[in-house]
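# Reading the structure
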Protein chains: 2
Amino acid sequence: MDEALTPLVPEATVARLPIYLRGLVDLANDEVGTVSSEQLAATAGVNAENVRKDLSILGSYGKRGVGYEVDFLIEQIKRVLGAGVPIPVVIVGAGNLGRALTHYGGFAAGGFPVKGLVDSSPEAIGQEIAGITVEPFEKLSDVVKKNNCALGIIATPASAAQMVADQLVAAGIYSILNFAPGLVAVPEAVTLRKVDLATELHILAFHEQQRERNE
Amino acid sequence: MDEALTPLVPEATVARLPIYLRGLVDLANDEVGTVSSEQLAATAGVNAENVRKDLSILGSYGKRGVGYEVDFLIEQIKRVLGAGVPIPVVIVGAGNLGRALTHYGGFAAGGFPVKGLVDSSPEAIGQEIAGITVEPFEKLSDVVKKNNCALGIIATPASAAQMVADQLVAAGIYSILNFAPGLVAVPEAVTLRKVDLATELHILAFHEQQRERNE
DNA sequence: CAATGTGAAACAGTTCACAGCA
DNA sequence: TGCTGTGAACTGTTTCACATTG
């Protein structure tokens, strides 16, 4: 049987739920009790009907004429996203980017504590970064198992990315975020997302050019 | 009149062109003269008809029975993307992330040299990072003008992001890449793209949960 | 009666199937 | 003959319009 407990969430919705979650957490911190789709949309930068469609997929959690209860909605979104419990993350590559990501406290606050950091360079190994000791790349599998890491981040040069992905998969990691440019192939069962800085800049350059052309 | 010289490129295509470009440059370095849609698709991780649709939007540059001429295609994609000439980039925020981005040589190689780096903290100002001296945030506008920066990157904490975006726009930057989490509003005419690490991890967590559920 | 929930319409993007050309 | 170029079908997503209800 296919997944069905949560009735099949479209990818576009999955991509927006974390944004709503962030807005909701802010509202909860401000002691706001209920929120309308209009207000939530404003915090997320989308339109209200979009918010309602997304939330209605999770279930009919709103009250007509009133809105959504902030705390309750936070719990529901966390449940759907699988963010009920913290998910330990391992970062491969302790260069500038790996260090930046390790320092980035937002991960831990958001439920993604960095619990492992490995690198292959002898200079990096043993260094302590944001309270984490850099382990040798060869220990990747041990680090993953010891800390129950379920998410892996590739922060190495492109040349190493494929090999690193292979090792992450071998270590039992099935969800990978790749910062290295270029193609990385993974087995069907693995989810790989990528953050491609050069591509982002190219897209901006395209729009920049469109703008100039229309002046 | 609307843009028309290049006959309206769909966003999805714009997002893939840089990937093709990277693959093509690699092929050119390997002295490959022509490439089929099938081969190019393999380097980009998409399917061949997708490549053909995308390229046919730019013009009919392929030879039936043969494929596409690598060097020529590189030029055409660069032209469409507006990547014919290097576009100077300014980075706001010289913390871990800003430094990582400044060091990242891929930008310069890809035609996006970092020509400005500003920060508000007295300790950071004056430091030299990858050959760039950190200037005070107040000098942003001067730095942008002196170096003809056309792209801006926000690498500050979320709390400063909106203010930084406002200042970038005031300095004449209309294309912004934002690494800070949270909503940043910009005028209609400005293109803002964001890289949201927490969101990426949430999306991975969702798929991780789906996987577990189906086991 | 203000705000949700949701069919229906419109739009965007992908895949299919094959005609057309070097 | 092999590979491109593209209409047509399909799938996914957003927007619209409005009935529904606490």
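Quick note: structure is the one above.
Residue indices follow the written sequence of each chain, beginning from 1 at its first position. Chains carry letters and ligands carry numbers; both start at the beginning, A for chains and 1 for ligands, and go up in the order they are written. With pLDDT at 70 or above as the cut-off, local features in this predicted model cover only qualifying residues; side-chain atom pairs require 80 or more to be listed or tallied, and sums for whole chains, interfaces and linings still use all residues. The side-chain numbers reported here are obtained from all heavy atoms of the structure, hydrogens and water having been left aside.

## Some points on the overall build of chain A
Only DSSP runs of H or I with at least four residues qualify as helices, and only runs of E with at least two residues qualify as strands; both kinds are numbered from the N terminus onward. The number of helices and strands found in chain A is nine helices and 11 strands. Its C-alpha atoms give chain A principal-axis dimensions of about 60 × 50 × 40 Å. Within chain A, buried positions represent 49% of all 215 residues. Contacts are assigned to residue pairs with any non-hydrogen atoms lying within 4.5 Å of each other. Nonlocal contacts in chain A, meaning residues at least 24 apart in sequence, comprise 57% of its contacts between residues at least 6 apart. Buried means the residue's accessible area, taken with a 1.4 Å probe over protein chains only, is under 20% of the maximum for its type, while exposed means over 50%, and partly exposed covers the values in between.

## Let's talk about the interface of chain B and chain A
The partner chain A presents 66 residues to the 68 residues of chain B that form the contact. Regarding the contact of chain B and chain A, the summed buried area is about 5900 Å², with carbon and sulfur atoms giving 65% of it. By definition, the buried area sums, over both parts, the 1.4 Å-probe accessible area that each loses when the two are put together. The largest contributions to the chain B side of the interface with chain A come from L201, H202 and L204 of chain B, which together make up 12% of the buried area. What counts as a salt bridge is simple: a side-chain nitrogen of Lys or Arg found within 4 Å of a carboxyl oxygen of Asp or Glu. Connecting chain B to chain A are four salt bridges. One salt bridge in this structure joins E200 of chain B and R193 of chain A, with 2.5 Å as the shortest N-O distance. Pairs of N or O atoms within 3.5 Å make up the polar contacts considered here, provided that, within protein, one atom can donate a hydrogen while the other can accept it, and that residues adjacent in sequence are counted only when both atoms are side-chain atoms. The interface formed by chain B and chain A includes 22 residue pairs in polar contact (both at pLDDT 80 or more). Elements that contribute at least two residues to the side of chain B that touches chain A include exactly α1 (11–29), α2 (37–44), α4 (70–81), α5 (96–103), β9 (151–154), β10 (175–178), β11 (191–194) and α9 (197–213) of chain B. The class makeup of the residues in the side of chain B that touches chain A is 40 nonpolar, 16 polar and 12 charged. Residue polarity follows a fixed list, in which Ala, Val, Leu, Ile, Met, Phe, Trp, Tyr, Cys and Pro are nonpolar, Asp, Glu, Lys and Arg are charged, and the others, Gly among them, are polar.

## Things to note about helix α9 (residues 197–213) of chain A
All names here are of chain A. To estimate the expected span of a helix, subtract one from its residue number and multiply by 1.5 Å. Relative to the 24 Å expected for 17 residues at 1.5 Å per residue, α9 spans 24 Å between its end C-alpha atoms, a close match to the ideal helical length. In terms of residue burial, α9 counts as a mostly covered element, since 15 of its 17 residues are buried. The residue sitting at the N-terminus of α9 and contributing the capping side-chain oxygen is D196; that oxygen lies 3.3 Å from the backbone nitrogen of A198.

## Quick notes on the relation of the copies chain B and chain A
What relates the two chain copies is a rotation about an axis together with a slide along it. When the copies are superposed, the least-squares fit takes in the C-alpha atoms of residues with a pLDDT of at least 70 in both. When chain B is fitted to chain A, the residual RMSD is 0.0 Å, and the transformation amounts to a turn of 180° plus an axial shift of 0.0 Å. The two molecules are tied by a two-fold rotation axis, judged by turn and shift. Comparing interface residues between copies, 97% of those in chain B also sit at the interface in chain A, which points to an isologous, same-surface contact.

## Here we look at the packing of α1 of chain B against helix α3 (residues 48–58) of chain B
All names here are of chain B. At a minimum axis distance of 10 Å, the contact between α1 and α3 shows a crossing angle of 100°. Taken together, α1 and α3 sit at an angle that is classed as roughly perpendicular. Facing α1, whose interface residues are T13, R16, L17 and Y20, α3 presents N50, V51, D54, L55, I57 and L58. When its residues are assigned to classes, the contact of α1 with α3 shows six nonpolar, two polar and two charged. The axes are straight lines fitted to the C-alpha atoms, using for helices just the contacting stretch, and the angles between their N-to-C directions are given from 0 to 180°. Should an angle lie under 35 degrees it is considered roughly parallel, over 145 roughly antiparallel, and from 65 to 115 roughly perpendicular; all remaining angles are considered oblique.

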